[in-house]
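Summary of structural features
Residue strings, one per chain:
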Amino acid sequence: MDLLSVLQRLAPELEKGLGQVFSLADLEQLRVDFLGRKGRLAQLMSQLSGLSPEERPAVGQMANEIKTRLLALLDGHRADLEARQEAAALARFDASLPGRTPWSGSLHPTTLVQEEICAVFNSLGYEVVSGPEVENDYYNFEALNMPPEHPARDMQDTLYISEKILMRTHTSPVQVRTMLSRKPPLAVIAPGKVYRRDSDLTHTPMFHQVEGLMVGENISMAHLRGTLTAFLRAVFGAQTQVRFRPSFFPFTEPSAEVDISCCMCGGKGHLNGEPCRVCKTTGWVEILGCGMVDPAVFEAVGYDPSVVSGFAFGLGVERVAMLKYGIGDLRMFFENDVRFLGQFA
Ligand code: DAH
C-alpha cells in the first residue's frame, strides 16, 4: 500500500481508538502510540526518504496536515474527558452542606496582658514609650547605677553582642532614654522584650517586661504605693491584698518587692484542702520590683535630685499572665500550640 493512503488512514483509526478511551492516562497512551517519537506518524515519516524528490513535498505537506488533525482530535477528547470529570465531581458536591468555619486568630496571652497593663496605666495618665532591644551597656547598666564590675550585673545573665553592645536584660534602660530626651514631670510606661542567658522550666531567653516611671516634684513612696496598689487591683481583682517588702535594686533607693495575695487560693495557702502549688502555702506571690529613683540615676540623665524625685517599677508580663490565668508552665507561652492559644480568643 502506498505511503499516502496509509497516512490518510491515521485519523480515522485514531478516532476509533478514542472511542475506547475513558481516562486521561489511556488518552496519553494513545497519543504516544500515534504521535510519540517512535509512534505511527514518526515511523511513516521516516519512509519519506524512500520517495522520489518529486513525490516528497506533497506527501510531506499531507503528513503535516494529518499531524494537526490528530492533535486536534486528541485535544478535543481531552477537553471532553475533563468536562465529564468535573461534572461528576459537581454531582457529588452538596451545596446545601454547612461550610467549614474559617479559623480566626486571637491575641497571644502575653499581648493581651501587656495591653491590659498599658491600658490601666493609660487610664492613670501614663504614656507608652519604647526603646531598642539591642542596647548600649551605658543605658542598660551604667546610667542605672551599675558601673563595670558592679556585682548586680552578674544577676542579669547578659547576652552580649560586643563588649559594649548587648541585648537589653530589662526594660529599665527605657527610663534612661526617656529622661535624657524629656524634661520632668513625666509618667511613662515601657513594655517590651528583654533577653537573658537563661533557660529552664521557669526561665526563657526572651520574655516581656513592663517598666514604669514617674518623675516630678514631691513624688513620694506614698504615690508609689497608691499607684501600684490601684494597678494590681485593676489587673488581679479588687479583693487583692498588696504588701511591700524591703529589697535592693541599684537604680532605686529605697527599693521594694511587691507581693499580692495568691490569686489561686485567695491568700489562704490551701485550695480544696490541698497545699496551694502557686504560692506554696504562703498565701503570697511576688509580682514586681520597685523603688524611688536613685539620685545617681537622676544625675546620669542631668536631672537635679534636689528638685525632682520619682518612682520606678518593673514587672514580668508572662508572670502576670501565669498568675492571672492560672497557667502553670512558662513554656506554654512559646510553643504556640493553638489548643492553648485558642483559649484566649
Ligand atoms: N529592672 C528590674 C529587673 O529586671 C526590675 C525593676 C526593679 C525595675 C525595680 C524597676 C525597679 O524600675 O524600680 O529585674
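Structure: see above.
These notes cover the structure that comes with them.

The rules behind each value
Residue indices begin from 1 for each chain and proceed along its sequence in written order. Totals for whole chains, interfaces and linings use all residues, but because this is a predicted model, local features are given only for residues with pLDDT of at least 70 and pairs of side-chain atoms are given and counted only at 80 or more. Here the side-chain values reflect all heavy atoms present in the structure, with hydrogen atoms and water set aside. Interaxial angle, 0 to 180 degrees, is taken between N-to-C directions of lines fitted to C-alpha atoms, where a helix line uses only the stretch in contact. Numbering of helices and strands runs from the N terminus; a helix is a DSSP stretch of H or I covering at least four residues, while a strand is a stretch of E covering at least two. The scheme is simple: roughly parallel for angles under 35 degrees, roughly antiparallel for over 145, roughly perpendicular for 65 to 115, oblique for anything else. Put simply, a crossing is left-handed when the front helix is turned counterclockwise from the back one by less than a right angle, and right-handed when it is turned clockwise. Two residues qualify as a contact provided that any one of their heavy atoms is within 4.5 Å of a heavy atom in the partner residue. Note on residue categories: nonpolar means Ala, Val, Leu, Ile, Met, Phe, Trp, Tyr, Cys or Pro, charged means Asp, Glu, Lys or Arg, and polar means any other residue, Gly included. Stacked, edge-to-face and tilted labels apply to pairs of Phe, Tyr and Trp rings (six-membered ring for Trp) whose centres lie within 6.5 Å, assigned for plane angles under 30 degrees, over 60, and everything in between, in that order. Buried means the residue's accessible area, taken with a 1.4 Å probe over protein chains only, is under 20% of the maximum for its type, while exposed means over 50%, and partly exposed covers the values in between. The rule is short: NZ of Lys or CZ of Arg within 6 Å of the ring centre and within 35 degrees of the ring normal puts a charge over the ring. Being near a molecule or strand, for a residue, comes down to having at least one heavy atom within 4 Å of it. Throughout this description, a polar contact denotes any pair of N or O atoms lying within 3.5 Å of each other; where both atoms belong to protein, one of them has to be capable of donating a hydrogen while the other can accept it, and for residues adjacent in sequence the pair is counted only when both atoms sit in side chains.

Our next topic: the packing of helix 5 (residues 109-123) against helix 8 (residues 221-236). One can describe the packing of helix 5 onto helix 8 by two numbers: an axis separation of 10 Å at closest approach and a directional angle of 135°. Judged by the angle between their axes, helix 5 and helix 8 are oblique. Where helix 5 crosses over helix 8, the two elements pack in a sense that is right-handed. In this structure, helix 5 uses Glu-116, Ile-117, Val-120 and Phe-121 to contact helix 8, whose residues at the interface are Thr-227, Leu-228, Phe-231, Ala-234 and Val-235. Classifying every residue of the contact of helix 5 with helix 8 gives 7 nonpolar, 1 polar and 1 charged.

Another aspect to go through is the packing of aromatic side chains. Counted by the stated rule, this structure contains 10 aromatic pairs. Ring geometry for Phe-121 against Tyr-126: centres 5.0 Å apart, planes inclined by 70°, an arrangement best described as edge-to-face. We note that Phe-121, like Tyr-126, is buried. Centre to centre, the rings of Phe-121 and Phe-313 are 5.1 Å apart; their planes meet at 25°, and the pair counts as stacked. Of this pair, Phe-121 sits in helix 5 while Phe-313 sits in strand 11 (residues 309-316); the two residues are 192 residues apart in sequence, bridging distant segments of the chain. Neither Phe-121 nor Phe-313 differs from the other in exposure class; each is buried. Every member of this aromatic cluster is reached through a ring pair, and the members are Phe-121, Tyr-126, Phe-231, Phe-311 and Phe-313. Here the basic side chain of Arg-177 rests over the ring of Tyr-139, its NZ or CZ set 4.0 Å away from the ring centre.

All right, on to the site of the ligand then. Surrounding the ligand, one finds 15 residues, the nearest of these being His-170, Ser-172, Arg-196, Gln-209 and Glu-211. Between the ligand and the protein, one listed contact pairs an oxygen atom with a backbone N or O atom of Ala-312 at 3.2 Å. For the shell around the ligand, the secondary structure elements donating two or more residues are strand 5 (206-216), strand 10 (284-293) and strand 11.

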